[in-house]
Amino acid sequence: IYLKIVKIQGEDWCYQSQVTCGGNCTGPDGWATIVRRRTLPDGCLTPCKFTGFPACHSEDPRWRSSGAIQGSTAPPALGQGWRSWIRIHHRWRTISYGDWCYQSQVTCGGNCIGPDGWTTVAEACGGKAQSPINIVTRRTLPDGRLTPFTFTGYQEAFHSFITNNGRTVQVDLPATAKVQGGDLAVPYKAVQLHLHLGKDGGPGSEHSIDGERYPMELHIVNIKEEYNSLDEALKDLAGVGVLGFFYEQSGSSNKKYDSIINALNTINIPNSNTTLSDVSLDMFIPSQSNMTSYFRYQGSLTTPPCEEAVVWTVFRNTIPLSRQQLAAFSRLQFADGKPMVGTYRPVQPLNGRLVYRSGSQVILVSTLLLITSVISAIVLPLPK
Ligand SMILES: [Zn+2]
């Protein structure tokens, strides 16, 4: 409806920095529409992705079915008063948490809200301390307080459900599994683990390191010991502690992942689950000696409601999986039957946040050794 008032010309493209809400140039997100507009399928005559004026909401069917289309209130002329109109009519839209989806699921004429629109699902998604982020290693700050963690209960075998919830594959974890140290204020207890997935081993991690995305990312979600639920923990700025691990393709298969990968066959359809027996948390992560190098920053949940309540720990050492093992995860399906791939949120701006790295104590020790040897070299010969 709204898009009828806009004609896209080949010359209307512009850079992101030139895009304004109420302006009418097509930013990089919409460049494809300039080329594609003649070949868009029926029912999709309007550009699917158009940045630059309020009809960027045209992707969202709830927006289209808001007051204006019902005839009760006409939107203002293009370029005039859109902002206030949006503000007034915002509340007319009925959006629930259930409506969000990943960019890989956004389709023309579909009705899910991709990451660009998550702020309409949950306001916190537009906050200043969002996750994931790209970690630029040379800008990270060494922090001697980021010592190795102490893991409790990570070797204990447990039985649990493994679930395809339509957005990820998730395993409920026993609260007896705890992590402490590493400058965490208190011990944190495990709640669940889940994965973010690429396609057949292609990029799929949420965080990236120096711009590189890994094929998958594991999140072990923990809450402060004192809390009884994730909801309770989300009210505390540091209530949730997520341990993030990257996967990397390796030449041989990782036998410790056989149980999870076998389970995938029975839970490929959303809202199905099965039992995972005799597994322990340490099977899924690198050995303790390979978990001393990590990054730390303050961020958020990476899915709506996007609460900024997460102390993030992102480990440098990766978990190896063979190509076949990575590809096995692509057998999981979204609700529409399509492969569950690309389940990551785009990286978010730092907005002045600092990212710290562990490992400076190693430098301190070697500096001390150097100083000691220099002193001994000077001092020792003297008594002679
Ligand atoms: Zn996650």
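Residue indices follow the written sequence of each chain, beginning from 1 at its first position. Per-residue local features of the predicted model are confined to residues with pLDDT of at least 70, and side-chain atom pairs are confined, for both listing and counting, to 80 or more; whole-chain, interface and lining totals are unaffected and use all residues.

Undergrad: What is the right way to read the overall build of the protein from this model?
TA: The helix count covers DSSP runs of H or I at least four residues long, the strand count covers runs of E at least two residues long, and both are numbered beginning at the N terminus. Scanning the protein for helices and strands turns up 8 helices and 16 strands. The exposure label follows from counting other C-beta atoms within 10 Å of a residue's C-beta, where the C-beta atoms are placed from the backbone and the thresholds are 20 or more for buried and 12 or fewer for exposed, leaving partly exposed in between. Taking all 384 residues of the protein together, the buried fraction comes to 33%. Residues are defined as contacting one another if the C-beta atoms placed from their backbone atoms lie within 7 Å. Partitioning the intrachain contacts of the protein with sequence separation of at least 6 by distance along the chain shows that 68% fall at a separation of at least 24.

Undergrad: Explanation requested: unusual backbone geometry in the structure shown.
TA: The residue after Ser-131, namely Pro-132, is reached through a cis peptide bond having omega 0°. Omega for the bond connecting Pro-304 with Pro-305 falls within 30 degrees of zero, at 15°, which places this linkage in the cis form. Here Pro-305 shows up in the loop between strand S13 (294-299) and strand S14 (310-315). Not every positive phi belongs to a glycine, and Cys-306 is a case in point at roughly 55°. Mapped onto the secondary structure, Cys-306 falls in the loop between S13 and S14. A count of 26 C-beta atoms within 10 Å places Cys-306 in the buried class.

Undergrad: How should the sheet that holds strand S1 (residues 134-135) be read in this particular structure?
TA: In this scheme, strands are said to pair when DSSP sees at least two bridges between them. Ordered by their spatial adjacency, 3 strands build an open sheet running S1-S8-S9, and the pairing between neighbours is mixed. Because the sheet does not close on itself, it has two edges, and the strands there are S1 and strand S9 (212-213). Looking at chain direction, S1 and strand S8 (residues 208-209) are connected through 2 bridges and run parallel. Its bridge partner being in S8, Ile-135 is matched across the sheet by Ile-209.

Undergrad: What's the story with the pairing of S13 in this structure? I'm lost.
TA: Among the 6 residues of S13, 5 are classified as buried, and the element is accordingly described as predominantly covered. Direction of pairing for S13 relative to S14: antiparallel, over a ladder of 6 bridges. By the bridge assignment for S14, Gln-298 is matched with Val-311. Relative to strand S16 (residues 356-357), S13 runs antiparallel, the two being bridged by 2 bridges. For Phe-295, the partnering residue across the bridge sits in S16 and is Arg-357.

Undergrad: Can you walk me through the environment of Pro-148 in this structure?
TA: Inspection of the secondary structure assignment puts Pro-148 in the loop between strand S2 (141-142) and strand S3 (149-152). What makes Pro-148 partly exposed here is the crowd of 15 C-beta atoms within 10 Å. It is 8.1 Å that separates the C-alpha atoms of Pro-148 and Ser-293, two residues lying 145 residues apart in sequence. Ignoring anything within four residues of it in the chain, the contact list for Pro-148 reads Gly-181, Gly-182, Met-291 and Thr-292.

Undergrad: Looking at this structure, I do not really get the environment of Pro-320. What am I missing?
TA: With respect to the element layout, Pro-320 can be found in strand S15 (residues 319-322). Its 17 C-beta neighbours within 10 Å are what place Pro-320 among the partly exposed residues. Between the C-alpha atoms of Pro-320 and Gln-249, which are 71 residues apart in sequence, the distance is 5.8 Å.

Undergrad: I tried to follow the confidence of the model for the protein on my own but got confused; where do I start?
TA: In low-pLDDT regions, the fine details of the predicted coordinates are not to be read closely. Overall, the predicted model of the protein reaches an average pLDDT of 80, with 72% of residues at or above 70. Note on residues 1-8: pLDDT under 50 across the span, and 19 contacts to partners over four residues away in sequence or across chains. The predictor's confidence in any single residue is recorded as pLDDT, a number from 0 to 100. Note on residues 36-96: pLDDT is under 50 here. Beyond four places in sequence and across chains, it has 93 contacts.

Undergrad: Would you mind going over the environment of Gly-144 with me for this structure?
TA: Among the secondary structure elements, Gly-144 is positioned in the loop between S2 and S3. C-beta crowding within 10 Å serves as the criterion here: with 14 such atoms nearby, Gly-144 is assigned to the partly exposed category. Counting along the chain gives 214 residues from Gly-144 to Ser-358, while the straight-line C-alpha distance between them is 6.5 Å.

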